[in-house]
Amino acid sequence: MATRNRKFISDIIKHTDTSHFLKKGKNYYITNDTVHIRITVNSFTYRVITTDKI
C-alpha cells in the first residue's frame, strides 16, 4: 500500500506544471486541480508533510 501511495504522489508531482508550485516559508505547496489535491512538501528535507483533497 505504501509503495502505491508513493507512486501516486510522485506521479502527481511529475505531472503538475511548475507554475502550480508555491514556496511559502519552509514549505512547497503543489496544487493539482485536475486530481483535486494539494501536496505540502518541506523545502529542506523534501519530505511530504500532508496531502489534502481540494
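Presented here is an overview of the structure given in this document.

**Side note on the nonpolar core**
Argument step 1. Grouped together as the largest cluster of nonpolar side chains are six residues: I9, I12, I30, I37, I39 and V41.
Argument step 2. The leading source of residues in this core is strand β3 (residues 37–42), at three residues.
Argument step 3. Discounting residues that sit within four places of it in the chain, I37 has contacts with F8, I12, I30, T31, N32, T51, D52 and I54.

**Things to note about the environment of V35**
Argument step 1. As for its placement among the helices and strands, V35 is situated in the loop between β2 (27–32) and β3.
Argument step 2. The spatial distance from the C-alpha of V35 to the C-alpha of R47 is 21 Å, given a sequence separation of twelve residues.

**A short note on the side chain of S43**
Argument step 1. In this structure, S43 sits in the loop between β3 and β4 (48–53).
Argument step 2. Side-chain polar atoms of S43 contact the backbone oxygen of K26, separated by 2.8 Å.
Argument step 3. Non-local contacts of S43, meaning those with residues more than four positions away in its chain, are made with K23, G25, K26, N27 and Y28.

**Description of the packing of aromatic side chains**
Argument step 1. All told, the structure shown has zero aromatic pairs when counted by the stated rule.
Argument step 2. One Lys or Arg, K23, reaches over the ring of Y28 and ends 5.9 Å from the middle of that ring.

**Some details on the pairing of strand β1 (residues 21–24)**
Argument step 1. Taken together, the four bridges between β1 and β2 define a ladder with antiparallel strand orientation. Looking across to β2, one finds that L22 is bridged to Y29.
Argument step 2. Connecting the antiparallel pair β1 and β2 is a turn made up of two residues, with G25 showing a positive phi of about 65 degrees.

Conventions we followed
- Residues numbered from 1 in each chain as written.
- Predicted model: local features only at pLDDT ≥ 70, side-chain atom pairs only at ≥ 80, totals over all residues.
- Heavy atoms only, no water.
- Core = buried A, V, L, I, M, F, W, Y, C linked by side-chain atoms within 4.5 Å.
- Buried < 20%, exposed > 50% of the residue type's maximum accessible area, 1.4 Å probe, protein only.
- Helix = DSSP H or I, 4+ residues; strand = E, 2+ residues; numbered from the N terminus.
- Contact = heavy atoms within 4.5 Å.
- Polar contact = N/O pair within 3.5 Å; in protein donor to acceptor, adjacent residues only side chain to side chain.
- Phe/Tyr/Trp six-rings, centres within 6.5 Å; stacked < 30°, edge-to-face > 60°.
- Lys NZ or Arg CZ within 6 Å of the ring centre and 35° of its normal.
- Pairing = 2+ DSSP bridges.

Nothing here speaks to function; it is geometry throughout.
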